[in-house]
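These are the residues of each chain, in order.
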Amino acid sequence: MIVLGLILILLAGGAFALVLTEESTRYILFGYTFEFNHVGMFLAGAAAAAVLLLGLWLMGSGSRRTARQRRRLRSARAETSSRVAQLEEEKRDLERKLEREHTASDGDQLVARGAHERP
């Protein structure tokens, strides 16, 4: 949408530049000759202004849509990053718990072995 809006703005700007640089009301464009009276010039100017406004509107709406998509993407990335950090923390907690259980079970085995060897 942004590119189409830019093309329309350039097209309207080109029309305005063509009108401003010509000294007469006769315009030659792509091999065709156009000659307008006052009403025709007014309508051509109104059409060029409408094209310009349409281009500006397309650029604006395209920019808003792109910004909205970027915000959603940024939010999703932050949420994913937060979830990954939470999962990593849970993993570390479980590893610590497992390490404590291994250490405790190793200590119990040593105590059990010592009790059997005494008599």
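Residues numbered from 1 in each chain as written. Predicted model: local features only at pLDDT ≥ 70, side-chain atom pairs only at ≥ 80, totals over all residues. Heavy atoms only, no water.

Considerations on the overall build of the chain
Along the backbone of the chain there are two helices and two strands. For the chain, the N- to C-terminal ordering of α and β elements is α-β-β-α. For the chain, the proportion of its 119 residues judged to be buried stands at 9%. At a minimum sequence separation of 6, the contacts of the chain that also span at least 24 residues come to 69%. For the chain, the accessible surface area stands at approximately 10,100 Å², while carbon and sulfur atoms represent 63% of it. (Helix = DSSP H or I, 4+ residues; strand = E, 2+ residues; numbered from the N terminus. Buried < 20%, exposed > 50% of the residue type's maximum accessible area, 1.4 Å probe, protein only. Contact = heavy atoms within 4.5 Å. Areas by Shrake-Rupley, 256 points an atom, 1.4 Å probe, with all protein chains shown as cover.)

A short note on the packing of aromatic side chains
Summed over all chains, the structure comprises one aromatic pair. Ring centres 6.3 Å apart and planes at 5 degrees place the aromatic pair Phe34 and Phe36 in the stacked group. A relative accessible area of 35% means that Phe34 is categorised as partly exposed. Residue class for Phe36 comes out partly exposed when judged on its relative accessible area of 31%. (Phe/Tyr/Trp six-rings, centres within 6.5 Å; stacked < 30°, edge-to-face > 60°.)

Examining a nonpolar patch on the surface
A cluster of nonpolar side chains, Leu29, Phe30, Tyr32, Phe34 and Phe36, forms an exposed patch at the surface whose accessible area comes to about 570 Å². Relative to the assigned elements, Leu29 resides in strand 1 (residues 26-29). Using a relative accessible area of 36% as the deciding quantity, one classes Leu29 as partly exposed. (Patch = residues over 30% accessible without salt bridge, like charges linked within 9 Å, V, L, I, M, F, W, Y side chains within 5 Å. Salt bridge = Lys/Arg side-chain N within 4 Å of Asp/Glu carboxyl O.)

Notes on the confidence of the model for the chain
Looking at the chain, the pLDDT average stands at 85 and 89% of residues meet or exceed 70. The secondary structure element of the chain with the lowest average pLDDT is strand 1, at 77, and the one with the highest is helix 1 (residues 2-21), at 87. (pLDDT = per-residue confidence, 0-100.)

Thoughts on the pattern of salt bridges
A full pass over the atoms with the stated rule returns three salt bridges. Between Glu95 and Lys91 there is a salt bridge whose closest N-O contact spans 3.9 Å. Linking Glu95 with Lys91, this pair stays in helix 2 (residues 38-117), spanning four residues, or about one helical turn. In this structure Glu95 comes out as partly exposed when scored by relative accessible area, which is 45%. Lys91 gets classed as exposed once you look at its relative accessible area, which sits at 51%. For Arg96, the salt bridge goes to Asp93, with nearest N and O atoms at 2.7 Å. Taken together, the residues Arg96 and Asp93, both in helix 2 and three residues apart, mark about one turn of the helix. Assessed through its relative accessible area of 35%, Asp93 is described here as partly exposed.

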